[in-house]
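Coordinate analysis (summary)
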Amino acid sequence: MELLPALALAASLAACASPETAPRAGDGAPARPNLIVVVTDDQRFDQMSCAGHPVLRTPVMDGLAAEGVRFTEAFVTTAICAASRATILTGRREGRHGYTFGTPPMGPELAAESYPMQLRAAGYRTGFVGKWGVRFAKGAMTDAFEERHTPWYPYLKEGRPHLTDHIADLAVDFVGREDDRPFCLSISFHAPHAEDSNPDQYIPPPDLAALYADAAVAPPPLADVGFEALPGFLKESMGRKRWHWRFDTREKQIERTRDYWRLVSGVDRALGRVLAAVEAAGEADNTVVVLIGDNGYFLGERGLAGKWFIYEESIRVPLIVMDPRAPDARRGATEDAMVLNTDVAPTLLSLAGVPIPEGHDGRDLGPLLRGEEPAWRSDFLYEHLLDNEEIPKSVGVRGERFVYARYFEQDPVFEQLFDLERDPDQLRDLARDPGHEGVLARMRARCDELGGR
């Protein structure tokens, strides 16, 4: 099945790309780039063909990676959509913006430092389409967007295209508006998130319902051994409950996985339509595209569904930055520096020439995009502070070698320690191993240090 009619998209991206610097504005200053920020929901790092997936076809995402920089070690600092999306908007980790499901809305101070508010104040035409997923105090974000459209589930609603295609329609309309100002468009897809209230869970566009019908679906890795390695309270968590919804029989696992892939391909096709609209508007040579997932996802691995916990499947996400003004040497590059969802907002502001607020926790990715080798982070603080008895709260540190987790509301407090070098599947918990007492103490202290910043 043709995913993108006229899929000369990768070719068109290459054609519009130029190794020269940005076009010059009339006053001799470099033109500020347009910015498109694409956030997908529950798409983990390996769910793209350019990341090596053996089945998924994502030609548009692959085209962005071929013309831009793909970050292979990108993480979220909280693996849940509300907190992660708040982080993407504000550049702050969960413990500093304080927002997740069930918390009070974020206030005017956080709103003022968000990237859309900063960009609009700097003269950008700003828009948002898709899943909003956060709350600010009444009126706090009034000036952030000139246009904001937030359609919600179900995926299939009478009189409306599939939700993914509807979001693409709204994005295409925004891109097509005639305006001399640079624009920043945030496109927030619901897909491939499950429609939790629907017994079929993953509801793809009807015309993609036969896609991957003959594709082999492997059993999820670590489904048994990974589950047995979990502490008892995680075996009884919402991750296991939702595994029963989605993956508890082989037949269900096969069909749910294929539908998940279909949703990803639907997003890929929708993104292609948006990029084609950018090209039709004559803006392709000055439009930077940032693609990131809001968190990772368990597709039955470890006997779980969902996210939330500090395992690689849950916290690693896709991140691609395609800047058509970049030099040839940076096209198709992969970058293995440890980058975070906190880095999106400061990077966008830097690209636009807007000062980065001191309150941002993240860093401008510009030096990495240019191929420089700056001093960079080697670990980060992970937090999951949602008040839900079925999702244990945790903090932790993901380092280059060791991963530390602290489930601080368990009685007694439960800690985990994994050595990614010797145990990349995170199956052997070393927290109670006498031979790793020193490492555990260092990681515990580092967690406290990062949490106190």
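Now for a look at the structure at hand.

Basis of the calculations
Residues numbered from 1 in each chain as written. Predicted model: local features only at pLDDT ≥ 70, side-chain atom pairs only at ≥ 80, totals over all residues. Heavy atoms only, no water. Salt bridge = Lys/Arg side-chain N within 4 Å of Asp/Glu carboxyl O. Helix = DSSP H or I, 4+ residues; strand = E, 2+ residues; numbered from the N terminus. Buried < 20%, exposed > 50% of the residue type's maximum accessible area, 1.4 Å probe, protein only. Pairing = 2+ DSSP bridges. Axes fitted to C-alpha atoms, helices over the stretch in contact; angles between N-to-C directions. Contact = heavy atoms within 4.5 Å.

Looking now at the pattern of salt bridges. Applying the stated criterion to the full structure yields 44 salt bridges. Note that Glu312 and Arg398 form a salt bridge whose closest N and O atoms lie 2.8 Å from each other. Separated by 86 residues along the polypeptide, Glu312 in helix H12 (residues 312-315) and Arg398 in strand S14 (residues 394-399) bring together distant segments of the chain. Residues Glu312 and Arg398 agree in their burial class; the two are buried. Between Asp429 and Arg432 there is a salt bridge, with the nearest N and O atoms lying 2.4 Å from each other.

Adjacent strands of a sheet form backbone hydrogen bonds with each other and so pair up, either parallel or antiparallel. Pairing is mixed across the open sheet formed by eight strands, whose spatial order is S5-S4-S6-S1-S7-S10-S2-S11. On the outer flanks of this sheet lie strand S5 (147-149) and strand S11 (333-335), each paired with one strand and no other. The mean angle between the axes of side-by-side strands here comes to 10°, regardless of whether they run parallel or antiparallel. Docked against the sheet, helix H7 (residues 163-175) engages strand S4 (125-130), S5 and strand S6 (183-188), running at close to 180° with respect to S6. On top of the sheet, helix H13 (residues 344-351) reaches strand S1 (34-40) and strand S7 (287-293); it is set at about 165° to S1, its chief contact.

Once that is clear, we can look at the pairing of strand S13 (residues 379-384). In terms of burial, S13 is largely enclosed, as six of its six residues are buried. Covered by surrounding structure in S13 are Asp379, Leu381 and Glu383 together with Phe380, Tyr382 and His384, the residues of both alternating faces.

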